[in-house]
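Next come the chains, spelled out residue by residue.
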Amino acid sequence: MSDDGGGPAHGSGRVAALDLGARRIGVAFSDSGRSIASPWGTIERSGDPARDRSAVVHAVREVEASTLVVGLPLSLSGEVGPAARAALEEVSELRALLEPLGISVETVDERFTTVEAQRSLRAAGRTGKAARKVIDSAAAMVLLQAWLDHG
């Protein structure tokens, strides 16, 4: 599922995951054994991409992740469209910041993570405003759990 041929077996330590939204960046992280994903929270977009990337680096370092997995919003056909190109540009910038710190950055297909996160939140009784506040972090958790399970 990753673009680098990586996955849980190709490293150790915690993994952080991002769901890059237009208004918020959802963040999740794994346990050190790389088996369970948990939500971390969201980073509100500031309008300043450098500031947002700095907040991402801070979150990744806070959870002591050795790998960052970023959701790649491919089109339903699997093609790289405008949203995926924007995500790949962001991944390139994050690699430049994180790889010198020893943190690898990978991408993972995130086509259905938000839908799955919404389904899970509804099942847990979270709807409306309550769900909107956590959907991005829940989507990051779904994509990370899929990466952990299929790596």
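Residues numbered from 1 in each chain as written. Predicted model: local features only at pLDDT ≥ 70, side-chain atom pairs only at ≥ 80, totals over all residues. Heavy atoms only, no water.

Chemist: Residue-level account of the environment of Ala139, with values.
Modeler: Residue placement: Ala139 occurs in helix α4 (residues 128-150). Spatially, the C-alpha atom of Ala139 lies 8.5 Å from that of Val27, the residues being 112 residues apart in sequence. (Helix = DSSP H or I, 4+ residues; strand = E, 2+ residues; numbered from the N terminus.)

Chemist: Let's hear about the sheet that holds strand β4 (residues 65-72): which residues, and what values?
Modeler: Taken in spatial order, the 5 strands line up as β3-β2-β1-β4-β5 in an open sheet, and their pairing is mixed. Each end of this open sheet is capped by a strand with a single partner; those strands are β3 (37-44) and β5 (104-109). Sheet twist, expressed as the average angle between the axes of neighbouring strands with direction ignored, equals 25 degrees. As judged from the 7 bridges shared by strand β2 (residues 24-30) and β3, these two strands associate in the antiparallel manner. Counted as the bridge partner of Ala28 is Pro39 from β3. Across the sheet, helix α1 (residues 49-62) touches β1 (14-20), β2, β3 and β4, and the angle it forms with β3 is around 155 degrees. Along the sheet, helix α2 (residues 82-98) makes contact with β1, β4 and β5, crossing β4 at roughly 165 degrees. (Pairing = 2+ DSSP bridges. Axes fitted to C-alpha atoms, helices over the stretch in contact; angles between N-to-C directions. Contact = heavy atoms within 4.5 Å.)

Chemist: Give me the lowdown on the pairing of β4, citing residues and values where you can.
Modeler: Burial analysis of β4 places 7 of its 8 residues in the buried class, which makes it a mostly covered element. Two elements, β1 and β4, share 5 bridges in a ladder whose sense is parallel. Each bridged residue has a counterpart across the sheet, and for Ala16 the counterpart in β4 is Leu68. Judged from the 6 bridges that link them, β4 and β5 form a sheet pairing that is parallel. Each bridged residue has a counterpart across the sheet, and for Gly71 the counterpart in β5 is Val108. (Buried < 20%, exposed > 50% of the residue type's maximum accessible area, 1.4 Å probe, protein only.)

Chemist: Can you explain the nonpolar core? Please cite residues and give values.
Modeler: In terms of nonpolar packing, the biggest core is built from 18 residues, with Leu18, Val56, Val60, Leu68, Val70, Leu94 and Leu98 touching the most fellow members. When residues of this core are traced back to their parent elements, those giving at least two are β1, β2, α1, β4 and α2. Tallying contributions element by element places α1 first for this core, with 4 residues. By size, the runner-up hydrophobic cluster in this structure holds 11 residues, among which are Val15, Ala17, Ala140 and Leu143. (Core = buried A, V, L, I, M, F, W, Y, C linked by side-chain atoms within 4.5 Å.)

Chemist: Please give an account of the side chain of Ser30 that cites residues and values.
Modeler: Its place among the elements puts Ser30 in strand β2. According to the relative accessible area criterion, Ser30 is buried, its value standing at 0%. If near-sequence neighbours (up to four positions away) are discounted, Ser30 is found in contact with Gly13, Arg14, Val15, Ile36, Ala37, Leu144 and Leu148.

Chemist: Report on the packing of α1 against α2, specifying residues and quantitative values.
Modeler: When two helices pack together, you describe them by how their axes are tilted relative to each other and by the distance separating the axes. One way to put it is that α1 packs onto α2 with a least axis distance of 11 Å and a crossing angle of 55 degrees. Our classification of the angle between α1 and α2 gives oblique. In terms of crossing hand, the pair formed by α1 and α2 is right-handed. Residue-level contacts link Arg53, Val56, Val57 and Val60 of α1 to Glu90, Glu93, Leu94, Leu97 and Leu98 of α2. Looking at the contact of α1 with α2 residue by residue, the classes come out as 6 nonpolar, no polar and 3 charged. (Parallel < 35°, antiparallel > 145°, perpendicular 65-115°, else oblique. Left-handed = near helix turned anticlockwise from the far one by under 90°. Nonpolar A, V, L, I, M, F, W, Y, C, P; charged D, E, K, R; others polar.)

Chemist: Describe the pattern of salt bridges, listing the residues and the values that go with them.
Modeler: Summed over all chains, the structure comprises 3 salt bridges. The shortest N-O distance in the salt bridge between Arg95 and Glu99 comes to 3.8 Å. For Arg95, a relative accessible area of 24% translates into the label partly exposed. (Salt bridge = Lys/Arg side-chain N within 4 Å of Asp/Glu carboxyl O.)

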